[in-house]
Amino acid sequence: QVQLVESGGGLVQAWGSLRLSCAASGSIFRIHAMGWYIQGPGNDRKLVASFNSGGGTNYADSVKGRFTISRDNARNTVDLQMNSLKPEDTAVYYCNAYITTMDRKWSDYWGQGTQVTVSP
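Fair warning: this is a prediction, and the values are worked out from it, not measured in the lab.

**Q** Just give me the short version of the overall build of the chain, but keep the residues and values in it.
**A** Counting secondary structure elements, the chain contains zero helices and 11 strands. Along its sequence from the N terminus, the chain presents helices and strands in the succession β-β-β-β-β-β-β-β-β-β-β. Taken against the 2.2 N^0.38 rule, which gives 14 Å for 120 residues, the C-alpha radius of gyration of the chain at 14 Å falls within 12% of a compact globule. By its C-alpha atoms, the chain is 50 × 25 × 25 Å across when sized along the principal axes. By the burial criterion, 40% of the 120 residues in the chain qualify as buried. A fraction of 55% describes how many contacts in the chain between residues 6 or more apart in sequence connect residues 24 or more apart. In the structure as shown, the chain presents an accessible area of about 6,500 Å², 48% of it carried by carbon and sulfur atoms. Taking the 11 positively charged and 9 negatively charged side chains of the chain as two groups, their mean positions are separated by 4 Å.

Given below as structure tokens:
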């Protein structure tokens with residue numbers, strides 16, 4: 001019913017920049033929250049940056065001042081501008097959205113992930 005499609009990952013040298021984009025499509029009534037996560041050491045996923053249901057933003061401490069999240073509500077997209085990238089930012093980045101669909105059911109949705117690799 002709902003798809004999240006990510007784009008923009010790739011290989012970049014340290015201190016370079018990348019921009020990730022995520023587009024949500026399908027039977028969407030309302031997107032409550034939307035953001036980006038990375039895979040943690042176990043099976044958990046850790047927050048990078050997100051918009052919460054109130055429209056505010058949350059950032060991991062490690063990316064504050066370097067990454068900026070933006071959102072286009074009309075297009076159901078969320079972007080992540082990543083500047084001053086470090087090798088430790090290397091990860092698979094997943095788009096996440098908490099969505100109510102047209103049948104008034106709500107759920108968490110995840111994209112397939114996009115690889116970001118930062119070389120020293």
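**Q** Account for the sheet that holds strand 3 (residues 18-26), naming residues and giving values.
**A** Spatial ordering of the open sheet is given by 1-3-8-7, a layout of four strands whose pairing is antiparallel. Across the chains shown, the open sheet's two edge strands, defined by having one partner strand only, are strand 1 (2-7) and strand 7 (67-72). Strand-to-strand twist across the sheet, computed as the mean angle between neighbouring axes with direction ignored, equals 15°. Pairing geometry for strand 1 and strand 3, over six bridges, is antiparallel. Across the sheet, residue valine 5 finds its bridge partner in strand 3, namely alanine 23.

**Q** Please provide a residue-by-residue account of the environment of methionine 102, values included.
**A** By the element assignment, methionine 102 lies in the loop between strand 9 (91-101) and strand 10 (106-110). Judged by its relative accessible area of 48%, methionine 102 falls in the partly exposed class. Among all residues touching methionine 102, those that are not within four sequence positions of it are Ser27, Ile28 and Phe29.

Cut-offs applied
Residues numbered from 1 in each chain as written. Predicted model: local features only at pLDDT ≥ 70, side-chain atom pairs only at ≥ 80, totals over all residues. Heavy atoms only, no water. Helix = DSSP H or I, 4+ residues; strand = E, 2+ residues; numbered from the N terminus. Rg over C-alpha atoms; globule rule 2.2 N^0.38 Å. Buried < 20%, exposed > 50% of the residue type's maximum accessible area, 1.4 Å probe, protein only. Contact = heavy atoms within 4.5 Å. Areas by Shrake-Rupley, 256 points an atom, 1.4 Å probe, with all protein chains shown as cover. Lys, Arg positive; Asp, Glu negative; His and termini not counted. Charge placed at Lys NZ, Arg CZ, Asp CG, Glu CD. Pairing = 2+ DSSP bridges. Axes fitted to C-alpha atoms, helices over the stretch in contact; angles between N-to-C directions.

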